[in-house]
Every structure is written in C-alpha cells, then in structure tokens.
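Now for the letters of each chain:
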Amino acid sequence: MASNGNGEFTFANGNGTAAVANGNGTARNGLAKIQTQKKGNGMCHDDSTPPVKAQTIDELHSLQKKKSAPTTPIKGTQGGAFAITLSEVERQKQQLQSISASLASLTRETGPKVVRGDPAKQSETPKVSSHVSHHHHFTPTISVSDSALKFTHVLYNLSPAELYEQAIKYEKGSFITSTGALATLSGAKTGRSPRDKRVVKDDTTEDELWWGRGSPNIEMDEHTFMVNRERAVDYLNSLDKVFVNDQFLNWDPENRIKVRIVSARAYHSLFMHNMCIRPTPEELENFGTPDFTIYNAGQFPCNRYTHYMTSSTSIDLNLARREMVILGTMYAGEMKKGLFSVMHYLMPKRQILSLHSGCNMGKDGDVALFFGLSGTGKTTLSTDHNRYLIGDDEHCWTENGVSNIEGGCYAKCIDLSGEKEPDIWNAIKFGAVLENIVFDEHTREVDYSDKSVTENTRAAYPIEYIPNAKIPCVGPHPKNVILLACDAFGVLPPVSKLNLAQTMYHFISGYTALVAGTEDGIKEPTATFSACFGAAFIMLHPTKYAAMLADKMLKHGATGWLVNTGWSGGSYGSGKRIKLPYTRRIIDAIHDGSLLNAKYKKTEVFGLEIPTEVEGVPSEILDPVNTWSDKDAHNETLLKLAGLFKRNFETFTNYKIGKDNKLTEEILAAGPNF
C-alpha cells in the first residue's frame, strides 16, 4: 500500500491491479474502502522501527555481542582512531605469540599456530586468524605432523558466563544448580594424589629443598619432566581448543606472581578464574610473559613406562623452568595446591613467609592468623561476622603486613547447611563451581549430605562472594597467631599462651587427632602431625618456615596461642567435645586483648601456660585434669600423647638451624618433658 500524495492510498487487489480508496467509503473498483487514521503531519500512525542492517542471520547474531574495547591508553602510539586500531591488532599478536611460546614443545620450539576464538563459531575464525597466521606458520623442527597443519583455538580469559556455556555444551556432567552454581565432575580422582606429585631435583633444588624422610617432595629428573611436558603439550595442541587463564597470585602488588593456566576443560578454567586473583582489563592488556605456567592435560594419562612413574597420574613441578604439568587427574585442587607449593618456594627466597592459614582482621585493624588441619574449626573460627575476612587458606607475611595469595575460597561442602555456615551457603551462586556434589534431577537442589560421588565435595567461589571480605585482601602485621588442634585424647587445655620456642615447636608439629570410624567399634583416637599445618605443600625444611615465623612474631610483637577445639573430661568416647560457644569466647578474648592480662599457671609435661579464668567460660575446664574423674587415666593419656609428639619430632632433630644450633635446641626444649 502506498500514498498517491492527495490523501488517498493504493493497495494491491487479488488480481494484481491497484485499487484506490477515495474519501466516500468505497474504493473506485467498488470494494470497501480501507480505513486509515491520519495524523496531523499527513502520515498514519506507525509503531515499526527501521529494519536491522544485517544481511544474514550470522550477521544479526554478531550485532548482539559488543566487542570489548581497551580501557587504557596504548603506550607509544599517536592519537587517532587509526593508530589505536593498529595497536589493538598488535597487542593481540603479541598476546598470541606469548601463548604460542608457552605451548612450544621439544620438536616445535616456536610453538603451534594459535588463534583466538571458539572453533564452533567458524564464521568468526578467519577474521581473527588473518591477523596472526603469518606469525605462527612455523615448520616443525624434526618432522611434520597433522598438528602443524591446524590452528589451536585459544579461549582466553573467558568470563564465567562464557565458561558456563562451554561447560554445559561440551562437558558431560556439567549442570546449573537451583542457586545458579555450576555443578561438575572431576572424574575418577576426587581428591589430590600426593604420592604422584614430583619435583625436579637439580643442582639448585638439591640443596634448597627438603628431601627424604617426612618430606612431601618426591624427586624426578629434568629429562623425565620434559617427557611428561611434551606429552601434555602434544595433547593440548592436538585439541581444537584450549582454555588460557592469565591471572595473579598474592594481593601484595609488590610481590604478586603472574601465572598462566592452559587447560582443556571449561570447568578448570572457571575454577582458576575463581581461585586466582582476577586481573582488571587494564592489567590484562599489559600482562606480558607469565612468571609460572601450568599445563593441565589431566584427561590424558602419563606413560607408566616413563622413569619415576608409579601410576597413570603425575603432577610435576619444575622450579627452574617455572612450570607445572598435570597428567592423569582432573581434580582441580591439584592446580590450586601446586601453585601454593610454588609460593612456598618463591616467597621465602624474598624473605617473605608463606603460610597455610586463615586470616581475619578486627575493625580496629588487629589481625589474627589461624592455623589448623581438617576438622579443627579453622574455617568456622576465622569466619567471624564481627571481623573482616582477609582469606581462608593461603597467605604471605611480608615487611608490610599480611596478604592473601588467592582470589577465592575452596570450601568443603559435605553436610553444609545455611544455619551452620551461612556465608559459604550464600556464596554458592552463579559463578561458583560445585565439585562432585549430588542434586535432585528435577529441582536441581543440592543434597550436601549425599556422599555418593565422594565425601570430598567442594565449592570454589570468588572471595568477594563473602559479605565481610576485605578487598583488597591485605592487612597490617598480625597481633595473634592461633594454632588450632582438635585433641581427641582430651588432655590439651582449651587455650594456652605460648612463648616463641613453644610456638615454633607446635607449628612444626602441626598436631590434631582424628577419630576412627565407629562402624567396627574402634573408638581410639589417632594422632596426626602435618609440619607447618600443611606438610603436603611446603618445599623447604619446616624449621626454616618456623624460624621465619618466630622472627616476624618477635619483630612485630605477636603472641602465640594453642587452642584445643577437641575433647574434655576424657578421650573420645568417654569425654565430651568442648562447646563451640566456649571456644568462640576464648577467641574473642584473644582478639580483644583481655586474655593477655589474665593470670596464668603452668601445666605438667607439656609446660603450657594456661589462664585461670576466661570470661564466659567455666573455670574448671581450663585445666584438663579437673574435668577427668579418673586422674590416673588422665596422666596415662597425657604421657601417651607426649610420647607421640616426641616420636614425630625425631624427624626434625637432626636438622641444624644456624651455625651454633641454639635455635634447634630451644625448640626441642619447648616440647613435652617427662
């Protein structure tokens, strides 16, 4: 239909001829007139908008997504849009060259051809690849294979939303739960494989690292590492796409480490997006070459005929090359703890103490460190609504204060409830990763009590998901160092004030007690010792970390405390666990400084200073012997635990600190005496 200019409108009739409506209500051919509403400007009312400019559906889809633009001025360029466009292309080339170099193998020293983008979006690929293909079209050094004829597509620093799409579309076992978290499976391995972790022993690490009895460091040689690295890189290069994360460790800007994670699963990329510190767009533009690189080829096994291999799983660290290789396990925690091991090596070389601890800060700036093994209450006690959370697991103590190493939290989920752990419960939302949990098929509500897949169910989420998180995650020097032990023997006091030597002794010991399963009637607790409360991750001898801790505590006036969150009035089975409200009152008294002013007395055997009174805590439980009806049984159990401490510490007695060895003697004297 069209206007003829005089207020009449033409329209096509059924036989292809035009009919014109006049102002009389009938058309010239006798048909009924089409009624129109004329506006004052002579045009009829029209709600339509101009059609889209796209010529194809693909082009229409491309209009839906706006390309992220640089947010910082580009160094060394002249003004004008043309110069910026060229520089953006150059930046992409440099970025891809860096990733290509990371993926270089022994036979392809210059790296594979890499291109940004999802291979599934074929229409977008030529646009990106044309910028970089001539930079990466290399001939392999030794022989030509199919991998030299293809592009490896790089999915670089994707957002959580993009990673959700990749996981749900391409990774079996990935689902969105009722709260918006991404549920996924880690495969056959649902926990770390410490016996399959190897460290390259070379001329440098042979002298620097802790080797031998009690050490978590199992040696391998450089050649074997390169064999496994080649296997991992070849596997990653054979894929159509890999995920690349460029991120940071350590919130202290002066001592942060640039890390690159190359992986084959969206789940792994999202996990590390949460656990490492996320760069701003400005920081990412000038990221450059990473300080450390992880090659996660966990879907692919190692070759069990390779020297040093004892299974199809191998987690390998090469500190000289600043690289880590993962084969044969898709458990994401290997990446987190592997990087923590690296920080345990790199930071002490800068005179920075790396710590496996929780950390929080009061409103007046008083900082407390919490050390403790699984089940001691470290997460529960360090998460305090009246204090700011600096971090839940990994920290550095520098000349400036404390800083969190990570950008997220990795919480256990078994039996999680909103009543007991409201902060963790509420943090499991869009962006969080849920590992190996079980959910209702229809409602997608998670059953946190279900252990069908594993008891080690986990949630990984950014630290800013915790309401009282302190961002940036840094704080002043700690005032209190709290060592937590769940003593199932029931002979350690609820709280003890430690001198420096005692703090070092109990820090090196890393004691807690595990309660045996009751299904076979065994109720005897088992003592567990983990040096520095994290033996699986330390690289140097425990006494080196302990000496650094004592030095910093002495320099900054921090006080050491041993807090027992375990049993009182008898061992497990006869006594009762110390009530959580009592422990919280003790921790509050440590925070506010009132416990420093209490009256103290010394215990037998362990020689611990215990307060005679703590506000809100029954005085009789402060000395364990008071709560035991059978005093002889108490003394017998006390001597038994002391013997276990002494036996465990034999591993460290031959290690000398300093030329005169006085420090070693002081630490030994601070242990149980009987």
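Source: prediction; values computed, not measured. (Residues numbered from 1 in each chain as written. Predicted model: local features only at pLDDT ≥ 70, side-chain atom pairs only at ≥ 80, totals over all residues. Heavy atoms only, no water.)

J.: How would you summarise the sheet that holds strand 5 (residues 151–156) if you had to cite specific residues and measurements?
T.: Spatially, nine strands are ordered 4-5-10-11-12-14-13-8-9 in an open sheet, and the strand pairing comes out mixed. The open sheet has two free edges, formed respectively by strand 4 (113–116) and strand 9 (218–220), since each of these has just one partner strand. Strand-to-strand, the axes of this sheet are offset by a mean angle of 25 degrees, without reference to chain direction. Pairing analysis gives five bridges linking strand 11 (residues 257–263) to strand 12 (residues 292–297), with the strands arranged parallel. Residue pairing in the sheet places Ile261 in a bridge with Ile294 of strand 12. (Pairing = 2+ DSSP bridges. Helix = DSSP H or I, 4+ residues; strand = E, 2+ residues; numbered from the N terminus. Axes fitted to C-alpha atoms, helices over the stretch in contact; angles between N-to-C directions.)

J.: Tell me about the packing of aromatic side chains, and please be specific about residues and values.
T.: Summed over all chains, the structure comprises 19 aromatic pairs. Summarising the aromatic geometry, the rings of Trp210 and Phe652 are spaced 6.2 Å apart at their centres and angled 50 degrees between planes, so their arrangement reads as tilted. One end of the pair, Trp210, is in the loop between helix 5 (205–208) and strand 9; the other, Phe652, is in the loop between helix 16 (631–649) and helix 17 (662–669), and 442 residues separate them in sequence. Overall, Trp210 belongs to the buried group, its relative accessible area being 6%. For the pair Trp567 and Tyr572, a centre-to-centre distance of 5.2 Å together with 80 degrees between the ring planes defines the contact as edge-to-face. Judged by its relative accessible area of 11%, Trp567 is buried. Judged by relative accessible area, Tyr572 falls into the partly exposed class, the value being 25%. Following the ring pairs from residue to residue traces out a cluster consisting of Trp210, Tyr505, Tyr511, Phe529, Phe606, Phe645, Phe649 and Phe652. The ring centre of Phe537 lies 4.5 Å from the NZ or CZ of Lys337, which sits over that ring. (Phe/Tyr/Trp six-rings, centres within 6.5 Å; stacked < 30°, edge-to-face > 60°. Buried < 20%, exposed > 50% of the residue type's maximum accessible area, 1.4 Å probe, protein only. Lys NZ or Arg CZ within 6 Å of the ring centre and 35° of its normal.)

J.: Quick rundown of the environment of Asp623? Include the residues and the values.
T.: Residue position: Asp623 is located in the loop between strand 35 (609–611) and helix 15 (624–627). Of the residues examined, Asp623 reaches a relative accessible area of 15% and is grouped as buried. The spacing of Asp623 and Val495 is 128 residues in sequence and 9.2 Å in space, taken between C-alpha atoms. Those residues in contact with Asp623 that lie beyond four places of it in its chain are Lys601 and Ile610. (Contact = heavy atoms within 4.5 Å.)

J.: Summarise the side chain of Asp392; cite the residues concerned and give the values.
T.: Among the secondary structure elements, Asp392 is positioned in the loop between strand 18 (388–391) and strand 19 (394–397). Here Asp392 occupies a buried position and makes no salt bridge, while the nearest side chain of opposite charge, Lys336, is found at 5.6 Å. Not counting the four nearest positions on each side in its chain, Asp392 is found in contact with Ser357, Gly358, Lys378, Glu406, Gly408, Cys409 and Tyr410. (Lys, Arg positive; Asp, Glu negative; His and termini not counted. Salt bridge = Lys/Arg side-chain N within 4 Å of Asp/Glu carboxyl O.)

J.: Can you break down the sheet that holds strand 6 (residues 175–176) residue by residue, with the values?
T.: Two modes of strand pairing occur in sheets, parallel and antiparallel, and in both the strands are linked by backbone hydrogen bonds. Across the sheet, which stays open at both edges, the five strands sit in the order 6-7-22-25-21 with mixed pairing between neighbours. Either end of the sheet is taken by a strand with one partner, and the two such strands are strand 6 and strand 21 (408–412).

J.: Tell me about the confidence of the model for the protein chain, and please be specific about residues and values.
T.: For the protein chain, per-residue confidence averages 86 on the pLDDT scale, and 82% of positions sit at 70 or higher. Note on residues 2–21: pLDDT is under 50 here. Beyond four places in sequence and across chains, it has 31 contacts. Note on residues 71–85: pLDDT is under 50 here. Beyond four places in sequence and across chains, it has 10 contacts. (pLDDT = per-residue confidence, 0-100.)

J.: I'd love a proper account of unusual backbone geometry, names of residues and values included.
T.: Working note: non-glycine residues mostly have negative phi, and peptide bonds are mostly trans. For the bond running from Ile471 to Pro472, omega is -5 degrees, close enough to zero to count as cis. With respect to the secondary-structure elements, Pro472 resides in the loop between strand 25 (458–462) and strand 26 (474–475). Phi is positive for Asn157, which is not a glycine, with a value near 45 degrees. Checked against the element boundaries, Asn157 lands in the loop between strand 5 and helix 4 (160–170). Looking at Asn157, the relative accessible area reads 23%, which means it is partly exposed. Of note in the backbone geometry, Asn250 takes a positive phi value of approximately 85 degrees without being a glycine. Tracing the backbone shows Asn250 in the loop between strand 10 (241–249) and strand 11. Residue classification places Asn250 among the buried positions, given a relative accessible area of 2%.

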